[in-house]
Amino acid sequence: MGNLANCRRCGKLFVNVGKNICPTCVQDIEEEYTRCAEYLRENKLVNIYDLSDETEVPVKQISQFIREGRISIAGNPNLAYPCEACGTLIREGRLCNKCSERLNKGIKQVLEEKIAEEDVQKGGYYQLGNKKDKK
Ligand SMILES: [Zn+2]
Ligand SMILES: [Zn+2]
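What you see is a predicted model, and the numbers here were worked out from it, not measured in a lab.

1. Topic: the overall build of the protein chain
Item 1. Along its length, the protein chain carries five helices and four strands.
Item 2. Written out in order from the N terminus, the α and β elements of the protein chain read β-β-α-α-α-β-β-α-α.
Item 3. Expressed as a percentage of its 135 residues, the buried residues of the protein chain come to 13%.
Item 4. Contacts in the protein chain between residues far apart in sequence, at least 24 positions, make up 22% of those at least 6 positions apart.

2. Concerning the pairing of strand β2 (residues 13–16)
Item 1. Pairing analysis gives four bridges linking strand β1 (residues 3–6) to β2, with the strands arranged antiparallel. What sits directly across from Ala5, in β2, is Phe14.
Item 2. In textbook terms, the turn of a hairpin is the stretch between consecutive antiparallel strands, and for β1 and β2 this stretch comprises six residues, one of which, Gly11, has a positive phi near 85°.

3. Remarks on the packing of helix α1 (residues 23–42) against helix α3 (residues 59–67)
Item 1. Two elements in contact, α1 and α3, have axes separated by 11 Å at closest approach and are oriented at 80°. One way to sum up the angle between α1 and α3 is to call them roughly perpendicular. Counted together, Ile29, Glu32, Tyr33 and Cys36 of α1 and Gln61, Ile62 and Phe65 of α3 form the full contact between these two elements.
Item 2. Looking at the contact of α1 with α3, its residues break down into five nonpolar, one polar and one charged.

4. Description of α3
Item 1. Among all positions of α3, only Ile62, Ser63, Phe65 and Ile66 are buried. Down the axis of α3, the sector holding all buried residues measures 160°, keeping them to one side.
Item 2. Tucked inside the fold, the buried residues of α3 contact α1, α2 (48–55) and β3 (81–82).
Item 3. Just beyond α3, the residue with positive phi is Gly69, at close to 80°.

5. Some remarks on unusual backbone geometry
What is expected of a backbone is that most residues other than glycine have negative phi and most peptide bonds are trans.
Item 1. We note that Asn20 has phi near 65°; this positive angle belongs to a residue other than glycine.
Item 2. You can see Asn20 is positioned in the loop between β2 and α1.
Item 3. At Glu56, a residue that is not glycine, the phi angle is positive and equals roughly 60°.
Item 4. Tracing the backbone through its elements, the reader meets Glu56 in the loop between α2 and α3.
Item 5. Classification of Glu56 by C-beta neighbours within 10 Å gives exposed; the count is 8.

6. Observations concerning the nonpolar core
Item 1. By size, the foremost hydrophobic cluster in this structure holds 13 residues, and its most contacted members are Cys36, Ile62 and Ile71.
Item 2. In terms of residue count, α3 provides more of this core than any other element does, three residues in total.
Item 3. When neighbours within four sequence positions are excluded, Ile71 is seen to be in contact with Cys36, Ala37, Leu40, Ile62, Phe65 and Ile66.

7. Overview of the confidence of the model for the protein chain
Item 1. Overall, the prediction assigns the protein chain a mean pLDDT of 88, with 89% of residues at 70 or greater.
Item 2. Looking across the protein chain, the model is least confident in helix α5 (residues 125–132), with a mean pLDDT of 51, and most confident in α2, with 97.

Calculation notes
Residues numbered from 1 in each chain as written. Chains lettered and ligands numbered in written order. Predicted model: local features only at pLDDT ≥ 70, side-chain atom pairs only at ≥ 80, totals over all residues. Helix = DSSP H or I, 4+ residues; strand = E, 2+ residues; numbered from the N terminus. Buried ≥ 20, exposed ≤ 12 C-beta atoms within 10 Å, placed from the backbone. Contact = placed C-beta atoms within 7 Å. Pairing = 2+ DSSP bridges. Axes fitted to C-alpha atoms, helices over the stretch in contact; angles between N-to-C directions. Parallel < 35°, antiparallel > 145°, perpendicular 65-115°, else oblique. Nonpolar A, V, L, I, M, F, W, Y, C, P; charged D, E, K, R; others polar. Arc of directions from axis to C-beta. Core = buried A, V, L, I, M, F, W, Y, C linked by C-beta atoms within 7 Å. pLDDT = per-residue confidence, 0-100.

Below you can see the structure in the form of structure tokens.
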């Protein structure tokens, strides 16, 4: 089973068996993983940018290995990856505290606006009338 799809990584058309990435790229990623894992074994104090330079594996890909738990950062104290929104180095999740807080607030705000809108619809003619005579 599988549908034709464009590879998420290289854009080539391939038969998607559920990974969204073509077999060539899967193999490439495995090689990149091996390079990172081997380099890390010898260089426990490296940070993600040096690791990327040394292995020629994109920071984004390394971040993914870390998030997937394939590369453990527990034994590599300097290894952290950039927040997806602002680039601050973090060691868990996708966003730094600041950005996830902002995101949470954003969601809350949208919800509150929605609730306010519903209030108006429910019987807010009076409210709307009030709004008009602001000075
Ligand atoms: Zn591909
Ligand atoms: Zn951030």
